[in-house]
Amino acid sequence: MPGAVVIGAGPGIGRSVARRFAREGLPVALITRNAGTLAGAAEAVSAFGVPVVPLTADSTDETGLRAALDAASGALGLPDAVVYNAALIRPDRPGEASARAQLDAWAVNVVGALTAAAHVAPEMARRGSGSFLITGGMPEPKAEYVSLSLGKAGVRTLVELLDQEYGPAGVHVAGVTVAGPVAAGTAFDPDDIAEHYWRLHTQPRDRWEREVLHGPEPA
């Protein structure tokens, strides 16, 4: 049972998704850039008694991310699911962030996901199965979050492109769009959001969805 890889497994959605997959008995590889965050995530997931592979890599470092994905596959086998949850979330209105800052945000929010997909999805396609799931957000752009709005629009397009490329071979590419701030005990509880990832991963091929929107319950 090759298991799942979660990129961006910090507190919040990433950790909850890792725990959700572990709850089903899947081994989990965790990739974060911060050793302290990684230790906390590994401890939270290990409570389910599954193999846990903690790996450190920055999603903007192509060589490092690819090496971490190779290490995950070496330990667990080609993953059944890869979840890209890394994001750079910060407020910035039009013109406030420098070009360098915008590029840095784009590297985390979009390019890292493309790097990860390019590294694992071709092998998934050759196998004929697998899920590549990306955390999205900002269903409507907001002027106070320019870099994040652009990044999440890019993620939505990336999901479409990856689906065109790898979907016909059996790789389920989808996004989970989170339309609000994540916090335990709210309408955006990360444990509730994590359910979408498991449902997408286990969907029959004839019912595949490319995007799930998690928003507040209607009043």
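Use the structure listed above.
Cut-offs used in this document
Residues numbered from 1 in each chain as written. Predicted model: local features only at pLDDT ≥ 70, side-chain atom pairs only at ≥ 80, totals over all residues. Heavy atoms only, no water. Axes fitted to C-alpha atoms, helices over the stretch in contact; angles between N-to-C directions. Helix = DSSP H or I, 4+ residues; strand = E, 2+ residues; numbered from the N terminus. Parallel < 35°, antiparallel > 145°, perpendicular 65-115°, else oblique. Left-handed = near helix turned anticlockwise from the far one by under 90°. Contact = heavy atoms within 4.5 Å. Nonpolar A, V, L, I, M, F, W, Y, C, P; charged D, E, K, R; others polar. Pairing = 2+ DSSP bridges. Buried < 20%, exposed > 50% of the residue type's maximum accessible area, 1.4 Å probe, protein only. Right-handed = clockwise from strand over helix to strand, strands pointing away. Core = buried A, V, L, I, M, F, W, Y, C linked by side-chain atoms within 4.5 Å. Salt bridge = Lys/Arg side-chain N within 4 Å of Asp/Glu carboxyl O. Expected span 1.5 Å × (residues − 1). Polar contact = N/O pair within 3.5 Å; in protein donor to acceptor, adjacent residues only side chain to side chain.

J.: What's the story with the packing of helix H4 (residues 99-127) against helix H5 (residues 146-166) in this structure? I'm lost.
T.: To describe two helices that pack against each other, one gives the angle between their axes and the distance between the axes. Put simply, H4 and H5 touch, their axes get as near as 9 Å, and they point 15 degrees apart. Here H4 is positioned roughly parallel relative to H5, judged by the angle of their axes. The way H4 lies across H5 gives a crossing that is right-handed. Where H4 approaches H5, its residues Gln102, Ala105, Trp106, Asn109, Val110, Ala113, Leu114, Ala117, Ala118, Ala121, Pro122 and Ala125 are matched on the opposing element by Val146, Ser147, Leu148, Leu150, Gly151, Gly154, Val155, Leu158, Leu162 and Tyr166. Tallied by class, residues from the contact of H4 with H5 come to 17 nonpolar, five polar and no charged.

J.: Explanation requested: the sheet that holds strand E4 (residues 81-84) in the structure shown.
T.: Hydrogen bonds between backbone atoms are what pair the strands of a sheet, whose relative direction is either parallel or antiparallel. Here we have seven strands laid out as an open sheet, ordered E3-E2-E1-E4-E5-E6-E7, and parallel in their pairing. Each end of this open sheet is capped by a strand with a single partner; those strands are strand E3 (52-56) and strand E7 (211-214). Averaged over all pairs of adjacent strands, the angle between strand axes in this sheet comes to 15 degrees, irrespective of strand direction. Pairing of strand E6 (residues 172-178) with E7 involves four bridges; the strand directions are parallel. Within E7, the residue paired with valine 178 across the bridge is histidine 214.

J.: It is not clear to me how the pairing of E6 should be interpreted in this structure. Could you clarify?
T.: When a strand is regular, its side chains alternate between the sheet's two faces. In terms of residue burial, E6 counts as a mostly covered element, since seven of its seven residues are buried. The alternating pattern of E6 places His172, Ala174, Val176 and Val178 and Val173, Gly175 and Thr177 on opposite faces, both of which are buried. Alignment of strand E5 (residues 131-137) against E6, held across seven bridges, turns out to be parallel. In the sheet register, isoleucine 134 faces E6, and the bridge partner there is glycine 175. Viewed along the sheet, the connection from E5 through H5 into E6 turns out right-handed.

J.: Can you help me understand the nonpolar core in this one?
T.: As a rule of thumb, soluble globular proteins bury nonpolar side chains together. By size, the foremost hydrophobic cluster in this structure holds 33 residues, and its most contacted members are Ile7, Ile31, Phe132 and Ile134. Excluding residues that lie within four positions of it along the chain, isoleucine 7 makes contacts with Ile31, Leu65, Leu69, Val82, Val83, Tyr84, Asn85, Ala86 and Ala116.

J.: I keep staring at the pairing of E5 and nothing clicks. Help me out?
T.: Counting buried positions along E5 yields seven of seven residues, so the element is predominantly enclosed. Covered by surrounding structure in E5 are Ser131, Leu133, Thr135 and Gly137 together with Phe132, Ile134 and Gly136, the residues of both alternating faces. Relative to E5, E4 is paired through four bridges, and the arrangement is parallel. Pairing of tyrosine 84 across the sheet is with isoleucine 134, part of E5. Crossover handedness for the path E4 to H4 to E5: right-handed.

J.: Explain unusual backbone geometry to me, please; I cannot follow it from the model alone.
T.: When glycine is set aside, most residues are seen to have a negative phi, and most peptide bonds are trans. The phi dihedral of methionine 138 falls on the positive side, at around 50 degrees, and the residue is not glycine. Relative to the helices and strands, methionine 138 resides in the loop between E5 and H5. Assessed through its relative accessible area of 14%, methionine 138 is described here as buried.

J.: Would you explain the pattern of salt bridges in this entry?
T.: Close approach of charged atoms allows side chains with opposite charge to pair. Following the criterion strictly, the structure yields 11 salt bridges and no others. The residue glutamate 24 makes a salt bridge to arginine 20 at a minimum N-O spacing of 2.6 Å. A cluster of three or more residues bridged by salt bridges with shared partners is formed by Arg20, Arg23, Glu24 and Glu195.

J.: Looking at this structure, how should I read helix H6 (residues 190-202)?
T.: It helps to recall that an α-helix has 3.6 residues per turn; residues three or four apart then point in one direction. If you check H6, its first and last C-alpha atoms are 19 Å apart, about what 13 residues at 1.5 Å a residue would give, namely 18 Å. Of all the positions in H6, only Pro190, Ile193, Ala194, His196, Tyr197, Trp198, Leu200 and His201 are classed as buried. On its buried face, H6 is in contact with helix H1 (13-23), E4, E5, E6 and E7. The residue sitting at the N-terminus of H6 and contributing the capping side-chain oxygen is aspartate 189; that oxygen lies 2.8 Å from the backbone nitrogen of aspartate 191.

J.: What's the story with the packing of helix H3 (residues 62-76) against H4 in this structure? I'm lost.
T.: Across the interface, H3 lies against H4 with an axial gap of 10 Å and an inter-helix angle of 40 degrees. In this view, H3 runs oblique relative to H4, as classed from their interaxial angle. By crossing handedness, the relation of H3 to H4 is classed as right-handed. For the pair formed by H3 and H4, the contact residues are Glu62, Leu65, Arg66, Leu69 and Asp70 on the first element and Gly112, Thr115, Ala116, Ala118, His119 and Val120 on the second. Residue classes in the contact of H3 with H4 are distributed as five nonpolar, three polar and three charged.

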